[in-house]
Amino acid sequence: GESVGLHLPTLSVQEGDNSIINCAYSNSASDYFIWYKQESGKGPQFIIDIRSNMDKRQGQRVTVLLNKTVKHLSLQIAATQPGDSAVYFCAEYRPPSYNTDKLIFGTGTRLQVFP
Amino acid sequence: GAGVSQSPRYKVAKRGQDVALRCDPISGHVSLFWYQQALGQGPEFLTYFQNEAQLDKSGLPSDRFFAERPEGSVSTLKIQRTQQEDSAVYLCASSLAAGQETQYFGPGTRLLVL
């Protein structure tokens, strides 16, 4: 079947440490991936994206790694802060060639940051 | 400088009641999406519009669900004869154009069917 899933439902880290959130996808034809952050009571917020012709992309304190061989994504957050506490989703993009522009989301990982 | 807005933010309905959820996308955005998010789950695709054309409605769970975007801007998701399993957060997203474009999400409408 088609799925995008996450290995760990909850991740607890100490403030200042680095966080790594993992995601597996099953469709090898997927060519665009997005990480979203969702705080309680809010909609998903775009963090960073990566296309399949890249292995790594960096943003401000965040890095996304893509391993197409094993169909695995990870989101790395440097110097995790209390404001990073949220649920993180990876999403797989289904391009127009599939006659749709929909995103396929995983279940999510809850990141808890403690002092 | 508005993002995607949705109304109402919360809706309580009695089973069997019809509801209408509104989405105002970012001005000028061509694509509009509706997703359903159950508690503790990731959003699941419902339907997709490009301007006023509904190009994909494969995610709508039943014929009780209907969406429209008559003028290519505001969209309404209507659920007829609501059932308890319809309780969820309904998210709207928009993107500037078709293709691999970032989707920007609204805050969602939390629907509770009693």
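Residues numbered from 1 in each chain as written. Chains lettered and ligands numbered in written order. Predicted model: local features only at pLDDT ≥ 70, side-chain atom pairs only at ≥ 80, totals over all residues. Heavy atoms only, no water.

## A few points about the overall build of chain B
Move 1: The helix and strand inventory of chain B stands at zero helices and 11 strands.
Move 2: When the helices and strands of chain B are read in sequence order from the N terminus, they spell out β-β-β-β-β-β-β-β-β-β-β.
Move 3: The C-alpha radius of gyration computed for chain B amounts to 13 Å, which stays within 12% of the reference 13 Å derived for 114 residues, consistent with globular compactness.
Move 4: Projected onto the principal axes, the alpha-carbon positions of chain B cover approximately 40 × 25 × 25 Å. (Helix = DSSP H or I, 4+ residues; strand = E, 2+ residues; numbered from the N terminus. Rg over C-alpha atoms; globule rule 2.2 N^0.38 Å.)

## Looking at the packing of aromatic side chains
Aromatic rings in a pair are described by how distant their centres are and how their planes are angled relative to each other.
Move 1: Taken as a whole and judged by the stated rule, the model has 13 aromatic pairs over all chains.
Move 2: On the basis of an interplanar angle of 75° and a centroid distance of 5.6 Å, the ring pair of Tyr32 of chain A and Tyr93 of chain A is categorised as edge-to-face. Taken together, the residues Tyr32 of chain A in strand 4 (residues 32–38) and Tyr93 of chain A in strand 9 (residues 86–93) connect sequence positions 61 residues apart.
Move 3: With a relative accessible area of 0%, Tyr32 of chain A lands in the buried category.
Move 4: Ring geometry for Phe105 of chain A versus Tyr35 of chain B: centroids 5.7 Å apart, planes at 85°, classification edge-to-face. Linking Phe105 of chain A in strand 10 (residues 103–105) with Tyr35 of chain B in strand 4 (residues 31–37), this pair reaches from one chain into another. The burial state of Phe105 of chain A is the same as that of Tyr35 of chain B; both residues are buried.
Move 5: An aromatic cluster is built from Tyr36, Phe46, Phe89 and Phe105 of chain A together with Phe33, Tyr35, Phe45, Tyr48 and Phe105 of chain B, whose rings are joined through pairwise contacts.
Move 6: The cationic tip of Arg51 of chain A hangs over the ring face of Tyr32 of chain A; the distance from NZ or CZ to the ring centre is 4.3 Å. (Phe/Tyr/Trp six-rings, centres within 6.5 Å; stacked < 30°, edge-to-face > 60°. Buried < 20%, exposed > 50% of the residue type's maximum accessible area, 1.4 Å probe, protein only. Lys NZ or Arg CZ within 6 Å of the ring centre and 35° of its normal.)

## What about the nonpolar core?
All names here are of chain A.
Move 1: Among the nonpolar cores identified, the biggest contains 20 residues, and Trp35, Leu73, Leu75, Tyr88 and Leu111 are the most heavily contacted of them.
Move 2: Those elements giving two or more residues to this core turn out to be strand 2 (10–14), strand 3 (19–25), strand 4, strand 5 (45–51), strand 7 (62–67), strand 8 (72–77), strand 9 and strand 11 (109–114).
Move 3: Among residues more than four places away in sequence, those in contact with Leu75 are Ser19, Ile20, Ile21, Trp35, Ile47, Ile48, Val62, Thr63 and Tyr88. (Core = buried A, V, L, I, M, F, W, Y, C linked by side-chain atoms within 4.5 Å. Contact = heavy atoms within 4.5 Å.)

## Some words on the pattern of salt bridges
Move 1: Tallied over the entire structure, the rule returns seven salt bridges over all chains.
Move 2: A salt bridge links Asp84 of chain A to Arg61 of chain A, with the shortest nitrogen-to-oxygen separation between them at 2.9 Å. In this pair, Asp84 of chain A sits in the loop between strand 8 and strand 9 while Arg61 of chain A sits in the loop between strand 6 (56–58) and strand 7, placing the two residues 23 residues apart along the sequence.
Move 3: Residue Asp84 of chain A is classed as buried on the basis of its relative accessible area, which comes to 7%.
Move 4: Residue Asp24 of chain B is joined to Arg22 of chain B by a salt bridge in which the shortest nitrogen-to-oxygen separation is 2.7 Å.
Move 5: Judged by relative accessible area, Asp24 of chain B falls into the partly exposed class, the value being 22%. (Salt bridge = Lys/Arg side-chain N within 4 Å of Asp/Glu carboxyl O.)

## Comments concerning unusual backbone geometry
Move 1: Between Ser7 of chain B and the following residue, Pro8 of chain B, the backbone shows a cis peptide bond with an omega angle of -10°.
Move 2: Tracing the backbone shows Pro8 of chain B in the loop between strand 1 (5–7) and strand 2 (10–13).
Move 3: Of note, the phi angle at Lys71 of chain A is positive, near 55°, even though the residue is not glycine.
Move 4: Position of Lys71 of chain A among the secondary structure elements: in the loop between strand 7 and strand 8.
Move 5: For Lys71 of chain A, a relative accessible area of 27% translates into the label partly exposed.
Move 6: One non-glycine residue, Arg81 of chain B, lies in positive phi territory at about 45°.

## Let's talk about the environment of Phe33 of chain A
All names here are of chain A.
Move 1: Tracing the backbone through its elements, the reader meets Phe33 in strand 4.
Move 2: Along the primary structure Phe33 and Ala79 are separated by 46 residues, whereas in three dimensions their C-alpha atoms are 23 Å apart.
Move 3: Leave out the neighbours within four places in its chain, and Phe33 touches Tyr25, Ile48, Asp49, Ile50, Leu66, Leu73, Ala91 and Glu92.

## Quick look at the side chain of Thr47 of chain B
All names here are of chain B.
Move 1: Tracing the chain through its elements places Thr47 in strand 5 (residues 44–50).
Move 2: Of note is the side chain of Thr47, whose polar atom sits 2.8 Å from the backbone oxygen of Asp56.
Move 3: Contacts of Thr47, omitting those with residues within four sequence positions, involve Leu32, Phe33, Trp34, Gln54, Asp56, Lys57, Leu60 and Ala67. (Polar contact = N/O pair within 3.5 Å; in protein donor to acceptor, adjacent residues only side chain to side chain.)

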